[in-house]
Each structure stands twice: as C-alpha cells, then as structure tokens.
Number of protein chains: 2
Amino acid sequence: MKYIHSTVALLAVALAGLTTTHAQDPLPSWNDGPAKISITAFVEKVTKEGSPDFVPVPERIATFDNDGTLWCEKPLPVQLFFTLDRVKALAPQHPQWKDQEPFASLLKDDLKGALAGGDRALLEIITATHAGMTNEEFEKIVTDWIATAKHPKYQQPFTACVYQPMLELLAYLRANGFKTYIVSGGGIEFMRPWTEKVYGIPPEQVVGSSIKTKFELQGGKPVLMRLPELNFNDDKDGKPIGINQHIGRWPIAAFGNSDGDLQMLQYTAGGSGARFCLYVHHNDAEREYAYDRQDPLAKLDKGLDEAAAKGWTVVSMKDDWKRVFAFEK
Amino acid sequence: MKYIHSTVALLAVALAGLTTTHAQDPLPSWNDGPAKISITAFVEKVTKEGSPDFVPVPERIATFDNDGTLWCEKPLPVQLFFTLDRVKALAPQHPQWKDQEPFASLLKDDLKGALAGGDRALLEIITATHAGMTNEEFEKIVTDWIATAKHPKYQQPFTACVYQPMLELLAYLRANGFKTYIVSGGGIEFMRPWTEKVYGIPPEQVVGSSIKTKFELQGGKPVLMRLPELNFNDDKDGKPIGINQHIGRWPIAAFGNSDGDLQMLQYTAGGSGARFCLYVHHNDAEREYAYDRQDPLAKLDKGLDEAAAKGWTVVSMKDDWKRVFAFEK
C-alpha cells in the first residue's frame, strides 16, 4: 500500500508539473478576449480541488458537434461530397442512372434537383452509396476517399480543413481530465475511420447518425451488413437522446454551431452544477464562410437568441480566432 | 520535453511495479486449472511488448454479458423481480389490475399466466413499469429498489449475488489495460445506476436493451421521457450490433453464459489477431444453480457445441471457482 501511495503522490506531482507547462498558453490560436476567457475560467473552476464548482474527472464530459464546429461544412457538408463522389464512382456499373432520378441530377452536380424527390430520393441515394456492404468494406471506402479528396476552395484534404482553435480546445480539455465526444448528425461510420487521427477522438467516443445493420456469418466470417434503413438520426432532438444512449451521463460542456445543436446545448445547460455552452458563429467570409440565421442547411437562428438570453459563449470566428486552419501562413 | 520523458519513464517503472504486485495472484477465487490458465495465458500474450500477439491498449476491449455471467440470473433474471415488485408497488393506484391481464396474473406471482398474452402483454408490463417517466425518475426508482431488494435463495442484496471470480477477472483485465464493457440483453438504464459501484464499469461502458426516449423541456428543464416502445433489443444478433454501435471496435475477449451470447462470441472470435471467448457453465446446483441445454430462459446449447468445436474456454462453475460469492464463508 505504501508503495502505491507514494506512486500516486509522485504521479500527482508529475501531472501538476505537466499542467503548469501547458497552462502557459493552452489556446495559442485564440485571441485574448471574452470567448477565450470564458473557456479557461470554466475549466479552471471545475478542475480546481475545493472549488464549489469542482467536477470529478469521470464526469468531465464534453460533447462537440462536427460539421461547422470542428471542421468546415461549406460549400457543402463533407459527407455530401463523399456521396456525390460515390455516385460518380459507381455510375459505370449503373448505366441506367443517366436517365433515372435522383441519380441523373446528381451526375450533373444538380443537388437541388436530386433532392426534389424528398425522403424517397434521399433513401435511394443512401442505399446506393452507404448500404449493401459490410461495415468493414464501408470503412475502407471512406478511408480511401478521405485520403485523397480535397476541399474545393482550399485545395487541401478535408481533414486539414479542421479548425485549429478547436483542435487546441480539444487537447486543452483532455489535458484537464475531460473526455471529449463527437455528437454529430453525420454518419457514425463515416466519421470513425479518421476521428482519432484528426481529433484524437477514438471510435467509442463518436456518436452519430446510423443506418441499421444485420449480423451475418459469411462463410464463417462474422460481418455487419449495412441495410438501406435509417436507424437513428442524431440531429436536433436526437442529440440528447444519442448522448444518453452512448454516454449515460450529462455533458458539462457542449459545443455547436447551428440550431441542430440547440437541444444538445439545452440538455447540457440543464444539468445541475457548472455548465458551459458555446456556439461557433461563422462570420468570417474572408478566411472561411459567413452564414447564420438564413442558412438553408446549417441555420443558426434560435440558437443565437438563446445564447444571448442565457449568456452562452458565442465565438466570433472573425475576432476570436487568430487563425482558422493550420495550413494558413 | 526532457521533463515529460522522464515522467513517462518513471510512470512506466511505477506501473510495472504495480503489475508485478498484482500478478502474484490476480485470480484468487479461481482454482488452478485449464480455465484459469487459459485466461492468464491470453492476457500475458496480448500484453507482452514484442509478442506476435501483442495488442495495443486502446484495442484491448473485453465485453461481458451480465445476467448469469456477472451476477446470478436464477430463479429469475433480476430485472424480472424488479418488474414484479413495481407492479405490486403501483397496484394500489390501478385497482382495475386485479381483474385485468397481464397484471392480474402478475399480482398472483403467476408469471407464466401473465406472459401467455405474448408480446402485447409484455409491452403492457414494460409500459406500466419502465415508461411514462423521465430517465432520471427511473434511475431513482432503480436505485431505491436495488438498495433493499434481496435474492430469495441467498437473502442477500442482488448486487451481492455477483460472482467473485468474475469481479477478480474484471479487475485483472483492467489492470492489464483492458477496457471492460457490459453487453447485456437487460435494460441499459436498469444497469447503469449501479454497475460502476458493483463492477467498476461506468455508465458509458454499459450496452443494453432500451426503449425509445423523447427529449422535452418541462418548464424549461430538459428531460428524456421514456416511451412505451422498444428501441433496441441487445440480445443474440443484437449484441454484435450493439457492440459496434457503442464501441466501434471489435472486442478481443468476450464472456457469456448462454446462446444469447453466442453471436457476441462469434463476432469477437472473427476478428483478426489473438482472441479469447469464454462461457460460464452453470453446473453447481449446490452453491448456485445448474442449467444449460434445456433451460427455457437462458439456454446454453449451441454455444456449448461451438465452444467445444472452437476451443473456447468453458468454465465449470463447480470445478473452476474456489468460491462463487463474496458472502460465502
């Protein structure tokens, strides 16, 4: 016992040293200002032993939306680029698609035309591109695609179009004992192949939308076949449900950028004890994109009002971020 | 950097010391024999640096069935005792239940009669006892019940009727860098309130069956309302699906006791690299219960054959366990 105690004591000293080293500037890509201050003030009060707001390590759960919060979602969500590319890659095997909606429109890059068919069209697109294969096969398709696909504006891999200030924030929270989760409306199996490498978030800490799967033995080998049927839509009301299903704890901090994240922030704010909610506000047309209340795909409208009413942090991308992407000079 | 390196080196030495201390007898309630040897041999080969079977820490995922694998499931699964007690506790508010099936039978402890109504009867019972409240309210009901309810044979709290050898196995695996998960057909929210205290397994590492929930703001307070509708049945084929959904990795070790766990063991065995599958065989009528191929609720039939064919470990409760429960003299 004595040996264990002295090891723990030694470890505590060592970790305290490490924390001090980091604390010199945990968020170098953030300008000094109210957003940065609100983050560090929150982390300090929930991690300080003896503070009335102290939160034990296992309860330091932080949930992050992905599209528009951790990486760029304009001009289209990345998974939509993936889907378009898949349709094009598969088209030679489906010559009839040239005259068959929703594929005919997709092959002409006419997304609006393709989606005119509503939910049925969307299901057909998902079926053709995301189902009818095993999870392992899908993982390989995603891994191969994301290794080469580039963002049309930045001409960088999509995984380089992640926000440097948010990467620092993830690392800062983890260094302070937080467990960081992604809670995204995007496909869970579309994200898992690369989130650990890009964000340091392992597969078991990714919550997302999913289609149903079926367990099968194929020649003795167990596989999960991907079925053309929605399993769970991890957006809006679905986010608190997904959080509870996967984590079973209330987050103490939540980060989003649209009204699709509002329920996650409300759920987080509604727990007892110190809580932190943050919206990334895209107001930087020069370095990234500017969109909020009127955006058709990622509207931030009610969320802006509620953030103002409740004193949540709203990050001005233009003013609060020293740089947006690591590839910037 | 130098400072960090020396800290890490120090830590490695300290942890190696701890491991050695534990290794003196990590499994004292297991008799020396093939089952115990198979466990320690597996753990040693996957944790030994440089071994061809070495598995990095993040991939050391072990999944455990709960009923009959970690705690006693006879004469009835514990959640069924809970359900019966809930019906009785709620009966005064529902005087009509005296003459209304399936409740009339339940109130006379006639489970067979109650379940004669099939799925509809089951749904009515679940609706009355598990739905129509928030998750937090349900958590409190479970917590209160499990604090006082006792096993009819042992006259001990149900949470004391957990298998001491399996508690040691959980701790041994965790000491060797494994992440231990429950993957149970039981209700996820029925387990989460007590699994950390009893097994050291936190809520985010519990996978189970669930009913649907709905996010609501009740007077501004966010809640998840429990709905009378099945969300996910985490049994048989459902276990690999639940594992993928929650963890997104293939387990390298899986532990069960019935054919309901067979697909989980098949899935685990089907991954590449060293794998370990174990069945607990209930053949100890004296200290616990004896049941296998013919049991109506927890049949172990195909599983026994497949274990024999594939060389999985089958624990003879009678021969391999020095003691079954901690409360034994």
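Source: prediction; values computed, not measured. The residue numbering used here restarts from 1 in each chain and proceeds along that chain's sequence as written. The lettering of chains begins at A and the numbering of ligands begins at 1, in the order of writing. Totals for whole chains, interfaces and linings use all residues, but because this is a predicted model, local features are given only for residues with pLDDT of at least 70 and pairs of side-chain atoms are given and counted only at 80 or more. The side-chain quantities take in all heavy atoms of the structure and omit both hydrogens and water.

Peer 1: A description of the overall build of chain A should follow, citing residues and the corresponding values.
Peer 2: In this text, helices come from DSSP runs of H or I with a minimum length of four residues, and strands from runs of E with a minimum of two, each type numbered from the N-terminal end. A count of helical and extended segments in chain A gives 13 helices and seven strands. Relative to the 2.2 N^0.38 estimate, which gives 20 Å for 329 residues, the radius of gyration of chain A is 21 Å and therefore close to what a compact globule would have. With the principal axes as the frame, chain A shows a C-alpha extent of 70 × 50 × 40 Å. For every residue, the accessible area (1.4 Å probe, protein chains only) is compared with the maximum for its type, and the residue is labelled buried under 20%, exposed over 50%, or partly exposed between those bounds. Relative to its 329 residues, chain A shows a buried fraction of 53%. For chain A, contacts bridging at least 24 residues in sequence account for 64% of all contacts bridging at least 6. In short, Shrake-Rupley with a 1.4 Å probe defines the accessible areas, and a residue's cover is counted only from the protein chains shown. In the structure as shown, chain A presents an accessible area of about 14,600 Å², 56% of it carried by carbon and sulfur atoms. In chain A, 36 positive and 42 negative side-chain charges are present, and the distance between their average locations comes to 3 Å. Each radius of gyration reported is based on C-alpha atoms, and the globular scaling rule is 2.2 Å times the count of residues to the power 0.38. Note on contacts: a residue pair qualifies if any of its non-hydrogen atoms lie within 4.5 Å across the two residues. Asp and Glu are treated as the negative residues and Lys and Arg as the positive ones, with His and the ends of the chain left uncounted. To locate a charge, take NZ of a lysine, CZ of an arginine, CG of an aspartate or CD of a glutamate.

Peer 1: Please give an account of the pairing of strand β7 (residues 313-316) of chain A that cites residues and values.
Peer 2: Residues and elements named next belong to chain A. Any two strands between which DSSP finds at least two bridges are classified as paired. One ladder, built from four bridges, connects strand β6 (residues 276-281) with β7; its direction is parallel. Residue Y279 lies in a different strand from β7, and its bridge partner there is V314. Place the viewer so that the strands point away; then a crossover is right-handed whenever the path from the first strand over the helix to the second strand goes clockwise. After leaving β6, the chain enters helix α12 (residues 302-310) and then returns to the sheet as β7, a path that is right-handed.

Peer 1: Would you mind going over the pattern of salt bridges in detail, with residue names and values included?
Peer 2: For salt bridges, the criterion is a side-chain nitrogen of Lys or Arg within 4 Å of an Asp or Glu carboxyl oxygen. The final tally for this structure, using the stated rule, is 38 salt bridges over all chains. Put simply, K179 of chain B and E204 of chain A hold a salt bridge, and the shortest N to O gap is 3.0 Å. Here the residue K179 of chain B occupies a position in strand β2 (residues 179-187), and E204 of chain A occupies one in the loop between α9 (188-199) and β3 (206-218), the pair thus bridging two chains. The exposure class of K179 of chain B is partly exposed, given its relative accessible area of 22%. Taking the relative accessible area as the measure of exposure, E204 of chain A reaches 9% and is therefore buried. Look at the salt bridges and you will find they share partners, linking K179 and R249 of chain A together with E196 and E204 of chain B into a network.

Peer 1: Help me get a handle on the packing of α9 of chain A against helix α10 (residues 238-246) of chain B, residues and values and all.
Peer 2: Where α9 of chain A meets α10 of chain B, the axes come as close as 11 Å, and the angle between the chain directions of the two elements is 55°. It follows from the interaxial angle that α9 of chain A and α10 of chain B lie oblique. Contacts from I188, E189 and R192 of chain A in α9 of chain A reach N244, Q245 and H246 of chain B in α10 of chain B. Three categories are distinguished: nonpolar for Ala, Val, Leu, Ile, Met, Phe, Trp, Tyr, Cys and Pro, charged for Asp, Glu, Lys and Arg, and polar for the others, with Gly belonging to the last. Split into classes, the residues belonging to the contact of α9 of chain A with α10 of chain B amount to one nonpolar, three polar and two charged. Lines fitted to C-alpha atoms define the axes here, with helix axes fitted over just the stretch in contact, and angles between the N-to-C directions of these axes take values from 0 to 180 degrees. Small angles under 35 degrees read as roughly parallel and large ones over 145 as roughly antiparallel, with 65 to 115 read as roughly perpendicular and the rest as oblique.

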